[in-house]
Amino acid sequence: DVKVTQSSRYLVKRTGEKVFLECVQDMDHENMFWYRQDPGLGLRLIYFSYDVKMKEKGDIPEGYSVSREKKERFSLILESASTNQTSMYLCASSFFNGFYEQYFGPGTRLTVT
Amino acid sequence: ELKVEQNPLFLSMQEGKNYTIYCNYSTTSDRLYWYRQDPGKSLESLFVLLSNGAVKQEGRLMASLDTKARLSTLHITAAVHDLSATYFCAVDMNNFGNEKLTFGTGTRLTIIP
């Protein structure tokens, strides 16, 4: 079974803090993704990575950066957290098996006060 | 730009009834994914549909794909309470090297006793 883990289920940070969200997958998947999910807005892609050290912007990259130094780990960084970044953050991974089914982690609910 | 629309967005139905959730998408693709999300939890893969006319069933849920109409349906038969969840469809661009999925906004299904 594919396992995608995220470093925290719940996180509370103050405005202006630097925040790191970590995601690890154990199935050697090439592709990893960060989404945020807000009520009424569905899933919005922040960044994704298709290989180590490679990254591409998604639909809403502003205020975020990412790092992928090892294949199994994809980090999302909020350089200076703001209250409008309060959200549920979901990490996912995939590989090409004739299709691109994504496997999701449990999510991190981040509150910025 | 690929757009994916689901309807309805909200659905309340009585136990024992049948209903269908619709997923329309805007570009040629024959790869479509259905996910389930329980409240406060992450997304869990339900079905992967990979060709025109594909049909998959698990328990009281059946998904189908009509690539010519760019339409997938998720049919619920004789609903029971533990099917209450939010259901998402997602589509990929059907070409190797484009790893992203585009998600619909989700259908929140509530089953009433």
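The model shown is predicted, which means the values in this text are computed figures rather than measured ones. (Residues numbered from 1 in each chain as written. Chains lettered and ligands numbered in written order. Predicted model: local features only at pLDDT ≥ 70, side-chain atom pairs only at ≥ 80, totals over all residues. Heavy atoms only, no water.)

## A few points about the sheet that holds strand β7 (residues 61–66) of chain B
Residues and elements named next belong to chain B.
1) Next: Reading across the sheet, the five strands line up as β1-β3-β8-β7-β6 and stay open at both edges, with antiparallel pairing between neighbours. Two strands close off the open sheet at either side, each with one partner strand: β1 (4–7) and β6 (55–58). Between one strand and the next, the sheet's axes are offset by a mean angle of 15 degrees, whatever the strand orientation.
2) Next: Of the strand pairs in this sheet, β7 and strand β8 (residues 71–76) are connected by six bridges, and their pairing is antiparallel. Note that in β8 the partner of Asp66 across the bridge is Leu71. (Pairing = 2+ DSSP bridges. Helix = DSSP H or I, 4+ residues; strand = E, 2+ residues; numbered from the N terminus. Axes fitted to C-alpha atoms, helices over the stretch in contact; angles between N-to-C directions.)

## Regarding the sheet that holds strand β1 (residues 4–6) of chain A
Residue and element names in this part refer to chain A.
1) Next: Read from one edge to the other, the open sheet built from four strands follows the order β1-β3-β8-β7, with strand pairing classed as antiparallel. Two strands close off the open sheet at either side, each with one partner strand: β1 and β7 (64–70). With direction set aside, neighbouring strand axes in the sheet form an average angle of 20 degrees.
2) Next: In this sheet, strand β3 (residues 19–25) lies alongside β1 in antiparallel orientation, the contact comprising three bridges. Its bridge partner lying in β3, Val4 is registered against Gln25.

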